[in-house]
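Coordinate analysis (summary)
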Amino acid sequence: MQGNGFEHICTMNKRKSNVQSLPKPSKIFRTEDTTHVQDEDDFDEEGGFHQEHSFSTSSAGDIGVIESITLKNFMSHHLLGPFQFGPNVNFIVGNNGSGKSAILTALIVGLGGKATTTNRGASLKSFVKYGEGSAEVTVKLRNRGSDAYKGDTYGDCISIEQRITSDGCRTCKIKNKPGHIVSTKKEELTAILDHFNIQVDNPVSILNQEMSKQFLHSKSEADKYKFFMKATLLEQMKRDYIHIKQTKAVTRDQVERQEECLKDLRQLFLQKKEKYESLSALENMKQTLEDLKKKMAWCLVREKEWQVQQLKEQIDKEQNDRAFEEKLLLCQSKVTLAEKKLRDIQQKLERVKEEEERLAEESRKMKEEVKLKNKAQKSQEVVYFRAENKLKQLEKEQCLLQERIHKISNSNGRRNHESEHAQRIKKISALRNQLEKLETESIALNQEIKEKQQALFKGREEYDKLSMEEKNIQVSLETKLKRKNQLTASRSNRLRRFGDRMPELLESIDKAYAQGRFIKKPVGPIGACISLKDPSLAVAVESCLRSFMKTFCCDNYKDERVLQELMSPHFPRGGRPQIMVCPFTDRVYNVQSRGVHHPEFPSVLDILIIDNPVITNCLIDMRSIECILIIRENAVARRLMQAGRPPRNCREVFTAEGDQVFTNRTYTPEREVIVKYLGGDPEAEIRLVQSEVENHQAQLSRFQLHLSSVKQDIQSMEEKLRSVFIACKRNQESINRVKASITELENIEESQTEDISSLEEDAQENEQKIELERKNVKEAQSELEKHNKVLMEIDRKHQDMKNKREQLTDETEQLKEEQVKATAECSKLEQSLKILEKKLKAHQDNVQAMRAELGLKEEEKEDFETKAREICPIPQRPDRSAESIDTEITRLRQKISSQESSHGNQEQVIREYAEAHGNYKNKSGQVRDLKRFIDRLDNIMTDRQARYKTLRRSLSVRCKLYFNNFLIKLHCCGSMMFDHNNETLSISVKPPGQEKDNINDMRSLSGGERSFSTVCFILSLWEITESPFRCLDEFDVYMDMHNRRISLDLLLELSERQHLRQFIFITPQTTSSLPKSPHIKIHQLQDPERESEEALQSTQ
């Protein structure tokens, strides 16, 4: 306790923060503006603070240099490398996407850096290539010379292998040159980086593009100052000094407390010193104590006997309790009945589907029969009209014969026979010509009628088909509108997808749980507690779990009753969410042995993201999601389940379209399955549904226009058909009239002496024909009526069949609902059966445990009795309880101890005195040492603070001078002003030609000039800091060719001065202007291939 402060200070784990001071240039170029550093007017450069190099000159290029780096499945690249870096200057060149920044990011990660340090991701798992399980980064560091780190162990090269898994875990292997693993500990990697003076998070060592942009566009002078402090490791030194001060204050408080404790130790020491009195006799109390111990031993034996008897009675009682077995038998019978009911429903459903298919086939046949009957009816109608026309013609001929008979009978003389005969011949010839024209016209009209009837029949078929499609689109549009309203309501609260009153129900559950009405808070709805790894499979998952999406889970039946009460104000009785009762556990079931495992297709459990184990266990119990596969293509699912032997433990398969595939049957949804609960972004879904609604509305509008056009065409065809029928009828009437006229003229006798008796015979014969034709007309009419009745009967049967199909559809939906309810009931009963089986097993285990405990108790009783006989061979009957005897024994022991302590014996008193004296001496020595340490620490910290300020002034002045020297290359004037009291850094730059302007902010420069200024600042920091390698990412991205040429010259000039240091520059631009030098190595990256996403590199 006394040395905690000292130990804490001595065991502080700090990284090395040595800052090297390289030789200054022999000539310093001055700019027009004067560079100011606060509190540095009387600072002499020759008297400045100089730190020693952390590396010797001979070993500076032999340790810490990156020899190579290799990337596997890192970011978007399958394989990059290995890149063999040169010891001095390295350029990495390539287009966007070729892997330049990936190499820099991999270097940071490979050396143990955090994901946030890279500015390329929030976590390490984001660096694993999509679709891969892990990524690997291998970095090899040079380890030669006298300053090598554990040279005997590692050799000339240290290989650091970082492996990152897709869940964000990182493992590190540190190998020697032959490739043997030396260590896997992070502390070893930290020690290696400390020895090589590598700071992964130091922007001077590794400056990525994002860090450069932040510095370039930063408006805060404090941020620039922090960048300078972090780059020079002054920030780390400052934090260490602050930590030391805090620890010193804690140690001082501990010293003050130890001084108070020291007073108490001194008082105790003085008390023990005074105790040297002789001891009094304690035999009587000790004998009484021995007697009490004997009674205590036999009292414990009696208590053990009583416990054994109580345990036997409890075992007998538990064995006679048959309640669990009776409940289990009752539940088993209920499960059997429920399974039978489910099988009956499934059989009914199959029979109804077979009946539906049979009715569909009969309906198709009946439609064909209706077409045939319609054709026969039309043919009979033609026969009837022809018979009727023939009857009218005979009646007309009969009238003409009667007129002739009457005319001959009343005639008084003969007419001119020759003139009348010539006129009749002429008239008959004209009438025959007219008859030929009329018959030709009749044939054309009949053909036109046939064509128009066919066109009308096709038009009506098209109209019926379009009407059915319009109805389907209307139903789909109503569904989409309903879905849109649901999504709009869920925009403010996602829970409204599960019902308009669901948020209010959850508030009621929270309130009831806060009031203590629930033993354990119910969980649900299930759909709100799950999400998908692959959103494209939402249809399949919802088809599988549709009946459970609104379900709640309760731990016990008491909570279920309370939840039912809370649901009643929000949901009607028939529309309440289901409630599943299952004991809540903190761990997910182990389904490794009974789950389905397929190398290509995941199970429902595999694609679900569930945070609550209760939800996972509920779905495993009620839906067996570990035994259901998800396959996108319907054909693949049927082939897997029905073509051969299905996968082990696989019960069924759901497809991306919602099809449910078993080993012997397949169920396909009648309508398109819409994702209702597991959708992603509500706004995106609303936009998608709105687009679908607009498409359906436009499609419905087009169908309505098309339907209206088809209807108008049908009406036009019907009107034209009626006109043709009228024209045909009129043509037939004209033909009949012409034929009658011809017959009349042919029948006129040339002789006036024509025998009236022959006419009367003709009239009588014609009358018989009329009677016969009337009979034919009646028969044709009767046959036509029969056809009409048959047609009406067939229409009635077709309508009845249609109604029956609709009833079967309703019955199918009802059976499906009953099947879902029966399945849920079976699952619920199976869960209850499992619970009862667990309770019965727990009951049996409890009885077995009680029996085992009984055996232990009997052994304890015998053991206690054996020990009691050793203490007192004669059994005793204690007259009081063991607790009172134990209290008396404790009182006597305390009294004896008090007597011994007050009178004491010489050995004990001497021992206590020695202990008190030793404690007091040790404590006083510790307090004295801590005071000396704190005083010495104050002196050291005062000296350190002065050295820290001197070092800070030295580094700031050198950084300013190097910065001004580099700006001269751009022909710019500028200055840097450090304010160490306010911790600000002001950088002002004036472009060429604007030296006299008042505007001197870096933001007034062009993009290329700002990039060049940033390069100058970084080079200045490189001049005053030390690291075995420096990395700079896309330093010339905004520069024009002139500034880029100057920047490259500065970089190459610095690399020549520091030829023992390694430089890695990343640029997307060409390096053709670089001079040829053995110290310069260019790594040209090839453009990425879209198919394989691999980047190939060739090293110049």
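Treat the numbers as computed from the prediction; the structure is a model and nothing was measured. Here the residue numbers are simple positions, counted from 1 along each chain's written sequence. Only residues with pLDDT of at least 70 get local features here, since the model is predicted, and only at 80 or more are side-chain atom pairs given and counted; chain-wide, interface and lining totals rely on the full set of residues. Excluded from the side-chain calculations are hydrogens and water; all other atoms, namely the structure's heavy atoms, are used.

Under the DSSP-based scheme used, a helix requires at least four consecutive residues in state H or I and a strand at least two consecutive residues in state E, with every element numbered from the N terminus. Looking only at helices and strands, one finds 23 helices and 22 strands in the chain. Put simply, the chain has 1100 residues, and 41% of those count as buried. Long-range contacts, defined here as pairs at least 24 residues apart, represent 78% of the contacts in the chain between residues at least 6 apart. Accessible areas in this description were obtained via Shrake-Rupley with a 1.4 Å probe; residue shielding takes into account the shown protein chains only. When the accessible surface of the chain is summed, it comes to about 62,200 Å², and 48% of that surface belongs to carbon and sulfur atoms. Under the scheme applied here, a residue whose accessible area is under 20% of the maximum for its type counts as buried, over 50% as exposed, and between as partly exposed, the area being computed with a 1.4 Å probe on protein chains only. By the convention used here, residues are in contact when the closest approach between their heavy atoms is within 4.5 Å.

Regular strands place their side chains on alternate faces of the sheet. Taken across its 6 residues, strand 20 (residues 1062-1067) has 6 buried, putting it largely inside the fold. Residues Gln-1062, Ile-1064 and Ile-1066 point to one face of strand 20 and Phe-1063, Phe-1065 and Thr-1067 to the other, with burial holding for every one of them. When DSSP finds two or more bridges between two strands, those strands count as paired. Bridge analysis of strand 3 (residues 89-93) against strand 20 gives 5 bridges, and the strand direction is parallel. Residue pairing across strands places Asn-90 opposite Ile-1064, the latter belonging to strand 20. Here strand 19 (residues 1029-1033) pairs with strand 20 via 5 bridges, running parallel. Looking across to strand 20, one finds that Leu-1032 is bridged to Phe-1065.

The next subject is the packing of aromatic side chains. Centres within 6.5 Å are what make two rings of Phe, Tyr or Trp a pair, Trp counting through its six-membered ring; a difference in plane orientation under 30 degrees is then read as stacked, over 60 as edge-to-face, and the rest as tilted. Here the structure, examined in full by the defined rule, presents 11 aromatic pairs. Relative to Tyr-667, the ring of Phe-662 has its centre 6.1 Å away and its plane inclined at 80°; by these criteria the two rings are edge-to-face. Between Trp-1022 and Phe-1063, the aromatic rings sit 5.6 Å apart at their centres with planes inclined by 50°, giving tilted as the arrangement. Of the two residues, Trp-1022 is situated in helix 22 (residues 1007-1024) and Phe-1063 in strand 20; the sequence distance between them amounts to 41 residues. Neither residue differs from the other here; Trp-1022 and Phe-1063 are each classed as buried. Here a set of aromatic residues connected by ring pairs shows up, and it is made of Phe-91, Trp-1022, Phe-1063 and Phe-1065.

Across the sheet, 4 strands lie side by side as 13-14-15-16; this open sheet has mixed pairing. A strand with exactly one partner marks an edge of an open sheet, and here the two such strands are strand 13 (628-631) and strand 16 (666-667). Pairing of strand 13 with strand 14 (residues 652-655), which is carried by 4 bridges, proceeds in the parallel orientation. Looking at strand 14, one finds that Ile-630 is bridged to Phe-654. Packed on one face of the sheet, helix 13 (residues 538-545) meets strand 13 and strand 14 and runs near 135° to strand 14. As a rule, the C-alpha atoms of each element are fitted with a line to give its axis, helices using only the stretch in contact, and angles between N-to-C directions run from 0 to 180 degrees.

This paragraph deals with the pattern of salt bridges. By definition here, a salt bridge exists when the distance from a side-chain nitrogen of Lys or Arg to a carboxyl oxygen of Asp or Glu is within 4 Å. Summed over all chains, the structure comprises 33 salt bridges. The shortest N-O distance in the salt bridge between Glu-161 and Lys-175 comes to 3.0 Å. A residue pair is termed long-range when its members are at least 10 positions apart, and Glu-161 in strand 5 (residues 157-165) and Lys-175 in strand 6 (residues 170-175) qualify at 14 residues. The class for Glu-161 is partly exposed, based on a relative accessible area of 23%. Here Lys-175 falls in the buried class, since its relative accessible area comes to 16%. Between Glu-448 and Lys-452 there is a salt bridge, with its nearest N and O atoms 3.9 Å apart. Here Glu-448 pairs with Lys-452, and both are found in helix 11 (residues 417-489), just 4 residues apart, close to one helical turn.

Next up on the list: the pairing of strand 13. Neither face of strand 13 is open: one carries Ile-628 and Ile-630, the other Leu-629 and Ile-631, and all of them are buried. Looking down the strands as they point away from you, a crossover is right-handed if its path from the first strand over the helix to the second goes clockwise. Once the chain exits strand 13 it traverses helix 17 (residues 634-643) before rejoining the sheet at strand 14, and the crossover so formed is right-handed.

In this section: the sheet that holds strand 4 (residues 134-143). Strand order in the open sheet formed by 6 strands is 2-1-4-5-6-7, and the pairing between neighbours is antiparallel. Two strands in the sheet have a free side with no partner beyond their single neighbour: strand 2 (77-84) and strand 7 (181-183). Each strand axis lies, on average, 25° off the axis of its neighbour in the sheet, ignoring direction. One ladder, built from 5 bridges, connects strand 1 (residues 63-74) with strand 2; its direction is antiparallel. By the bridge assignment, Leu-71 is partnered in strand 2 with Leu-80.

Turning our attention to the packing of helix 12 (residues 502-514) against helix 14 (residues 557-567). It is the contact of helix 12 with helix 14, at a shortest axis distance of 10 Å, that shows an interaxial angle of 135°. When the axis of helix 12 is compared with that of helix 14, the two are oblique. Of the two possible hands of crossing, helix 12 and helix 14 adopt the one that is right-handed. Taking contact as the criterion, the partners of Leu-505, Ser-508, Ile-509 and Ala-512 in helix 12 are, on helix 14, Leu-563, Leu-566 and Met-567. An angle counts as roughly parallel when it lies under 35 degrees, as roughly antiparallel when it exceeds 145, as roughly perpendicular when it falls between 65 and 115, and as oblique in every other case. In this scheme, a crossing is called left-handed if the near helix is turned counterclockwise away from the far one by less than a right angle; it is called right-handed if the turn is clockwise.

To continue, consider a positive patch on the surface. A cluster of basic residues, Lys-367, Lys-471, Lys-802 and Arg-805, forms a positive patch on the protein surface. Along the chain, the position of Lys-471 falls in helix 11. On the basis of relative accessibility, which here comes to 54%, the residue Lys-471 falls in the exposed class. Any residue with relative accessible area above 30% and no salt bridge may belong to a patch, with like charges joined within 9 Å and the nonpolar Val, Leu, Ile, Met, Phe, Trp and Tyr side chains within 5 Å. The sign given to each residue is positive for Lys and Arg and negative for Asp and Glu; His and the chain ends receive no count. Just so you know, the charge point we use is NZ for Lys, CZ for Arg, CG for Asp and CD for Glu.

Turning next to helix 13. Of all 8 residues in helix 13, 8 are buried; the element is thus mostly enclosed. Taken residue by residue, helix 13 has Ala-538, Val-539, Ala-540, Val-541, Glu-542, Ser-543, Cys-544 and Leu-545 as its buried positions. In the core, the buried residues of helix 13 are packed alongside strand 9 (530-532), helix 15 (604-607), strand 12 (608-610), helix 16 (613-623), strand 13 and strand 14.

Attention now goes to a negative patch on the surface. A surface patch of negative charge is lined by Glu-670, Glu-806, Asp-810, Glu-811, Glu-813, Glu-817 and Glu-818. Within the secondary structure layout, Glu-817 lies in helix 19 (residues 756-871).

This brings us to the nonpolar core. For the purposes of this section, nonpolar cores are sets of buried Ala, Val, Leu, Ile, Met, Phe, Trp, Tyr and Cys residues that join through side-chain atoms within 4.5 Å. Core analysis: the biggest nonpolar cluster contains 55 residues, and Phe-91, Phe-228, Phe-1017, Leu-1021 and Trp-1022 have the highest contact counts within it. Top contributing element to this core by residue count: helix 21 (residues 906-967), with 14 residues. In this structure Phe-228 touches Leu-234, Leu-955, Ser-956, Cys-959, Phe-978, Leu-985, Leu-1021 and Ile-1024, once residues within four positions along its chain are discounted. Membership of the second largest hydrophobic core comes to 53 residues, among which are Leu-537, Cys-544, Met-567 and Leu-608.

In this section: the confidence of the model for the chain. Per-residue confidence from the predictor is reported as pLDDT, a score between 0 and 100. With 83% of its residues at a pLDDT of 70 or more, the chain has an overall mean of 77. Model confidence for the chain, summarised as mean pLDDT per element, is weakest for helix 1 (residues 4-10) at 39 and strongest for strand 10 (residues 552-554) at 93. Scored below 50 in pLDDT, residues 276-281 makes 13 contacts in the model with residues more than four places away or belonging to other chains. Overall, residues 1090-1100 carries pLDDT values under 50, and its contacts beyond four positions in sequence, including any with other chains, amount to 26 contacts.

Those residues of helix 14 that fall on the buried side of the exposure criterion are Asp-559, Glu-560, Val-562, Leu-563, Leu-566 and Met-567. All buried residues of helix 14 fall inside an arc of 165° around its axis, so they share one side. Whenever two N or O atoms come within 3.5 Å, that pair is a polar contact, provided that in protein one can donate a hydrogen and the other can accept it, and provided that, for residues adjacent in sequence, both atoms are side-chain atoms. Its side-chain oxygen at 3.2 Å from the backbone nitrogen of Lys-558, Asn-556 defines the N-terminal cap of helix 14. To be clear, the arc concerns the directions from the helix axis to the C-beta atoms.

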